[in-house]
Structure formats: structure tokens, C-alpha cells
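Working through the structure, step by step
Spelled out, the chains give:
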Amino acid sequence: MTQIRISDAAVFLGVSDDTVRRLVEQGTLPASADASGRKVIDGLALGAYARERASAMPDPLGVASSARNRFVGIVTAVVSDTVMSQVELQSGPHRVVSLMSTEAVRELGIEPGVVAVASVKATQVVVEMPR
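Each chain carries its own residue numbering, running from 1 in the written order of its sequence. Only residues with pLDDT of 70 or above have their local features reported here, since the model is predicted, and side-chain atom pairs are shown and tallied only from 80 upward, although totals for entire chains, interfaces and linings are computed over all residues. The basis for every side-chain value is the complete set of heavy atoms in the structure, and neither hydrogens nor water enter the calculation.

1. Remarks on a nonpolar patch on the surface
Only residues whose relative accessible area exceeds 30% and that form no salt bridge are eligible for patches; like-charged ones are grouped when within 9 Å, while nonpolar side chains (Val, Leu, Ile, Met, Phe, Trp, Tyr) are grouped when within 5 Å. Note on areas: these come from Shrake-Rupley sampling with a 1.4 Å probe, and a residue is covered only by the protein chains present in the view. Salt bridge, as used here, is a side-chain nitrogen of Lys or Arg placed within 4 Å of a carboxyl oxygen of Asp or Glu. On the surface, Val-83, Met-84 and Leu-99 cluster together to form a nonpolar patch covering roughly 310 Å² of accessible area. Helix numbering and strand numbering both begin at the N terminus, where a helix is a DSSP run of H or I of at least 4 residues and a strand a DSSP run of E of at least 2. On the secondary structure map, Leu-99 appears in strand β6 (residues 94-101). What makes Leu-99 exposed here is its relative accessible area of 62%. Buried means the residue's accessible area, taken with a 1.4 Å probe over protein chains only, is under 20% of the maximum for its type, while exposed means over 50%, and partly exposed covers the values in between.

2. Some remarks on the sheet that holds β6
The criterion for strand pairing is that DSSP finds at least two bridges linking the strands in question. Reading across from one edge, β6-β5-β4-β7 is the order of the 4 strands in this open sheet, with antiparallel pairing throughout. Two strands bound the open sheet, and with one partner strand each, they are β6 and β7 (115-119). Shown here is a sheet whose adjacent strand axes are inclined to one another by a mean of 45°, direction ignored. Note on geometry: axes are lines fitted to C-alpha atoms, helical ones only across the stretch in contact, with angles between N-to-C directions running from 0 to 180 degrees.

3. Here's the deal with the packing of helix α1 (residues 6-13) against helix α2 (residues 17-25)
Closest axis-to-axis distance for the α1/α2 pair is 8 Å, and the angle between their directions is 105°. One element, α1, and the other, α2, form an angle in the roughly perpendicular class. Along its contact with α1, which presents Ile-6, Ser-7, Ala-9, Ala-10 and Leu-13, the element α2 presents Asp-17, Val-20 and Arg-21. To sort the angles, those under 35 degrees are grouped as roughly parallel, those over 145 as roughly antiparallel, those from 65 to 115 as roughly perpendicular, and the leftovers as oblique. It only takes one pair of heavy atoms within 4.5 Å for two residues to be counted as in contact.

4. Things to note about the sheet that holds strand β3 (residues 39-42)
Read across the open sheet, the 3 strands follow the order β1-β3-β2; overall the sheet is antiparallel. Each edge of the sheet is formed by a strand with only one pairing partner; in this case those strands are β1 (3-5) and β2 (31-33). Recorded for the sheet is a direction-independent mean angle of 45° between the axes of neighbouring strands. Summarising the sheet, β1 and β3 pair through 3 bridges and their orientation is antiparallel.

5. Brief notes about the pairing of strand β4 (residues 70-80)
Sheet topology note: the β4/β7 ladder contains 5 bridges and is antiparallel. Each bridged residue has a counterpart across the sheet, and for Gly-73 the counterpart in β7 is Ala-116. With 6 bridges joining them, β4 and strand β5 (residues 84-91) adopt antiparallel strand pairing. When the bridges of β5 are listed, Ser-80 appears paired with Ser-85. Between β4 and β5, which follow one another and run antiparallel, lie 3 residues.

And the structure:
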């Protein structure tokens, strides 16, 4: 069983340590003590809690799509040359960067401050584990 410290759980959930402590006190998140006597949360329970409460921004496009890896966010930067552009989008805690033609950027009206949807299609997803 993976045990996660309260401070780390707070970072994963995007809340304060005090909020996680309250969730433990309310019985919402189960906690136990580790070998050092620190309060820890079961990783499986924390993952389930995070998944149940995850909420995506509403998709402004209003279209049905088979893509599951869609990130709605705000364009934060556009760097263009004559042929290619780099577009950065902030979607919650996630920064998504896309390279596309400068022509597409102009045609779509992509500029910092606009709401956009990044659709990610990848044949490979790398998952790494902390040591």
C-alpha cells in the first residue's frame, strides 16, 4: 500500500494541508501513521477521491468528440516566425504546448487570453515513477 504524506496529498489535490487534515478528521480520507509516526493517507483512497472530484472546464466548442485527451484552457503565449508558431495553453495545473503553422494561428485567431481546446492524440504515453 502506497502511503502519502498529508503535505504531498495537499499538493496533488491543489488544496492546503489544513484542508486535507479536515478531510481526514471528517472521515472522508482514511489516514494511518507511518513508521515515523506521521499521519499518512492511503494512495488508492487519495486517487479515488481525486478522480471523483475532478472537474474539467466546460468545452466551449459544444461538439461531440471521440478524443478523451482534451484540455480546455487559456492561451498564455504565442511565439511565431514566418512558418511555425509555438502556442502555450494553461489548462488548470497543466501547461500544454503545441507547434503549428503560423498560418493556422492567424486563421484561428489564436492569441494570448483566448479560450482554446487542445486535443492530444499520441501513440505513446510515458509514465514515470518517483524513486
